[in-house]
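# Structural features, examined
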Amino acid sequence: MKNLLDSAGIATVFLGNDLTIKRFTPRITRVINLMTVDLGRPITDISVNLRYEDLTRDISQVLENLETLETQVQTHGGQWYLMRISPYRTADNFIDGVVVAFTNVDVIKGMERQMQGALAYAEGVLNSMQDPLLVLDAGARVVSANRSLHHLLRLGAQQVNGADLYALAHGVFDQPELRARLGEVITSGQSLSNFVIDLSVPQQGARKMKAEANPVFGQDGQFALTLFKMEDVTELLRRAAEHGEDLNG
């Protein structure tokens, strides 16, 4: 078992029920400052290279309730690990301490930071647009929306993100023709433009909105999201009607 754990490259330490060190793998030294002479010593006597003060508490908790505990921890050098504390059962099902394993997740954390940065950039771009805009998934649920949309519907981001488009603001978008047109965009990937809808806007009443919808494709070229944008053309259409203009021409 020792050879198997060593070859797996996972930083692991085995502790007895009294929290004394029974054995460990070489990579544990990146997280806990252990040497061979530390075998038999309590883990509480050892210097831990973690920005985490609850290690002893967590180990005791696992010994008490016999439930595995997982959490992300960071070393003083800035590396991230997934820490997993599990009760150690012998072949005859006797609890003989705990196993504390640390898996390096630096790559995953780096990807998370990149994704968060990309999302923040995308959100900034959306919020820079003056017209209300939503990003929809294949089920017409809202992935994201800009401030203009929040202001238009008098709704916060928590009320909008993740919601069914047709359930927003008491069903303001739940219109048969709009459903059909957006459904075509989602299923066929074809854009929608110059489509005017009547929208009952909170505190503003009925407004004429020019709706546009464009598919957004992923890196694999597959349809992923729909960008749904609206422009208030109420006054434009009113003035055109007063002057007898045909804007559809």
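Just above sits the structure.
Procedures and definitions
Each chain has its residues counted from 1, running along the sequence as written. Only residues with pLDDT of at least 70 are given local features in this predicted model, and only at 80 or more are side-chain atom pairs given and counted; all residues enter the totals for whole chains, interfaces and linings. Water and hydrogen atoms play no part in the side-chain values, which are based on all heavy atoms of the structure. Any carboxyl oxygen of Asp or Glu that lies within 4 Å of a side-chain nitrogen of Lys or Arg is treated as forming a salt bridge with it. Each residue's exposure class comes from its accessible area (1.4 Å probe, protein chains only) as a fraction of the maximum for that residue type: buried when under 20%, exposed when over 50%, partly exposed otherwise. Paired strands, as defined in this entry, are two strands with at least two bridges between them according to DSSP. Each helix corresponds to a stretch of at least 4 residues labelled H or I by DSSP, and each strand to a stretch of at least 2 residues labelled E; elements are numbered beginning at the N terminus. Pairing of aromatic side chains here covers Phe, Tyr and the six-membered ring of Trp, requires ring centres within 6.5 Å, and sorts the geometry by plane angle: under 30 degrees stacked, over 60 edge-to-face, intermediate tilted. The criterion for a charge sitting over a ring is simple: Lys NZ or Arg CZ within 6 Å of the ring centre, and within 35 degrees of the ring normal.

## Quick notes on the pattern of salt bridges
- Across all of its chains, the model carries 13 salt bridges by this definition.
- Across the pair Asp 54 and Arg 57 runs a salt bridge whose closest N-O atoms are separated by 3.6 Å.
- Assessed through its relative accessible area of 47%, Arg 57 is described here as partly exposed.
- A salt bridge links Arg 57 to Asp 58, with the shortest nitrogen-to-oxygen separation between them at 2.8 Å.
- Asp 58 sits in the buried class, given a relative accessible area of 1%.
- A network of salt bridges, in which partner residues are shared, links Asp 54, Arg 57 and Asp 58.

## Re the pairing of strand E9 (residues 205-217)
- With eight bridges joining them, strand E8 (residues 192-201) and E9 adopt antiparallel strand pairing. Paired with Leu 199 across the bridge in E9 is Arg 207.
- Here E8 folds back onto E9 in antiparallel fashion, the turn holding three residues, of which Gln 203 has a positive phi close to 70°.

## With respect to the packing of aromatic side chains
- All chains considered together, the criterion is met by three aromatic pairs.
- Residues Phe 14 and Tyr 88 carry aromatic rings whose centres are separated by 5.8 Å and whose planes lie at 85° to one another, so their mutual orientation is edge-to-face. Residue Phe 14 is found in strand E1 (residues 11-15), and its partner Tyr 88 is found in strand E4 (residues 80-89); the two are separated by 74 residues along the sequence.
- Aromatic side chains Tyr 81 and Phe 102 sit 6.4 Å apart centroid to centroid with 85° between the ring planes, which places their arrangement in the edge-to-face category. Taken as a pair, Tyr 81 in strand E4 and Phe 102 in strand E5 (residues 95-104) lie far apart in primary sequence, 21 residues in all. The pair formed by Tyr 81 and Phe 102 is uniform in burial state, with each residue classed as buried.
- Taking the ring centre of Tyr 88 as reference, the NZ or CZ of Arg 23 above it sits at 5.9 Å.
- A cation over a ring is seen here: Arg 179 above Tyr 166, with NZ or CZ 4.0 Å from the ring centre.

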